[in-house]
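These are the residues of each chain, in order.
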Amino acid sequence: MAYWLMKSEPDEVSFADVLAAPKQTTAWFGVRNYQARNFMRDAMRVGDGVLFYHSSCAVPGIAGLAEVASAPYPDESQFDPKSAYHDPKATRAQPRWISIDVRATHAIPFIPLTELRTIPALEEMVLLRKGSRLSISPVTAAEWRAVLKHAGVKP
DNA sequence: GCCAACGTTGGC
DNA sequence: GCCAACGTTGGC
């Protein structure tokens with residue numbers, strides 16, 4: 001069991017949106033960064049824990065807990081010429097980009113980025129490293145526990 | 001809207 | 001395979 005942090009722009013898909021979705025599940029599409037894609041393709045497993053992070057918004061931070069809910073599959077939006085995520089170099093025979101399903105599990109009291117930076121156990125967190133822009137990043141078990149503890153959630 | 005820090009592209 | 005130019009991310 002591994003842990004991850006996934007960034008979403010709440011204007012696009014917020015944690016509340018996923019909680020309200022059928023089966024509390026959403027397809028995580030539109031990842032167009034190879035490192036993030038490779039995490040989904042090679043490392044993320046059904047049941048892995050996910051910190052659902054809101055980025056590019058007034059108050060960025062962790063909004064809730066989720067889990068990986070599917071194996072990887074081709075991201076449909078790469079084939080759609082009308083999509084902002086269209087990739088003319090991708091073909092159905094050789095897809096470039098993949099999606100996974102993510103299921104929201106627990107709402108937690110929102111933890112702003114500024115607050116995350118004050119938690120000593122999170123000092124080395126990939127998200128908090130200078131220049132880090134990855135939309136999907138690994139989270140250690142210790143970091144996961146520290147976030148849950150901070151949020152007052154029983155593991 | 002600014003801009004630092006990255007990532008990608010494409011000419012050579 | 002280098003690297004300059006360009007594009008994107010994302011906090012502020």
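Our subject is the structure that appears above.
Okay, so let's go over this structure. Since this is a predicted model, take the numbers as computed values, not measurements.

Cut-offs used in this document
- Residues numbered from 1 in each chain as written.
- Chains lettered and ligands numbered in written order.
- Predicted model: local features only at pLDDT ≥ 70, side-chain atom pairs only at ≥ 80, totals over all residues.
- Heavy atoms only, no water.
- Near = heavy atom within 4 Å.
- Polar contact = N/O pair within 3.5 Å; in protein donor to acceptor, adjacent residues only side chain to side chain.
- Nonpolar A, V, L, I, M, F, W, Y, C, P; charged D, E, K, R; others polar.
- Helix = DSSP H or I, 4+ residues; strand = E, 2+ residues; numbered from the N terminus.
- Buried < 20%, exposed > 50% of the residue type's maximum accessible area, 1.4 Å probe, protein only.
- Arc of directions from axis to C-beta.
- Contact = heavy atoms within 4.5 Å.

### Comments concerning the protein's contact with DNA strand B
Every residue close to DNA strand B is listed here: Y34, K130, G131 and R133. Per the 4 Å cut-off to the protein, sugar and phosphate atoms form 71% of the nearby atoms of DNA strand B. At 2.7 Å from a phosphate oxygen of DNA strand B is found a side-chain nitrogen or oxygen belonging to K130. Tallied by class, the residues present in the surface near DNA strand B amount to 1 nonpolar, 1 polar and 2 charged.

### Quick look at the protein's contact with DNA strand C
Taken together, K7, Y53, S55, S56, P60, L113 and R133 make up the full set of residues adjacent to DNA strand C. Of all atoms in DNA strand C that approach within 4 Å of the protein, 71% are sugar or phosphate atoms. Measuring from a phosphate oxygen of DNA strand C, one finds a side-chain N or O atom of K7 at 2.8 Å. Between DNA strand C and S56 there is a distance of 3.0 Å, counted from a phosphate oxygen to a backbone nitrogen or oxygen. In terms of residue class, the surface near DNA strand C is made up of 3 nonpolar, 2 polar and 2 charged.

### Some thoughts on the side chain of D75
Along the polypeptide, D75 turns up in the loop between β5 (73-74) and β6 (98-112). Exposure remark for D75: the relative accessible area of 1% places this residue in the buried category. At 3.0 Å, the side chain of D75 forms a polar contact with the side chain of R32.

### Here we look at helix α2 (residues 34-43)
Along α2, the residues classified as buried are A36, R37, F39 and M40. Summarising the axial view, the buried residues of α2 lie within an arc of 155 degrees, below the 170-degree limit, and thus occupy one face. The secondary structure elements touched by the buried residues of α2 are β1 (3-8), β6 and β7 (136-139). Among the residues of α2, the N-terminal cap falls to N33, whose side-chain oxygen and the backbone nitrogen of Q35 are separated by 3.0 Å.

### Examining the side chain of T26
The residue T26 is located in strand β2 (residues 25-28) in this model. Overall, the relative accessible area of 17% leaves T26 in the buried class. What T26 contacts, discounting residues up to four positions off in sequence, is V13, V18, I100, D101 and V102.

By themselves, these observations are geometric and do not establish any function.
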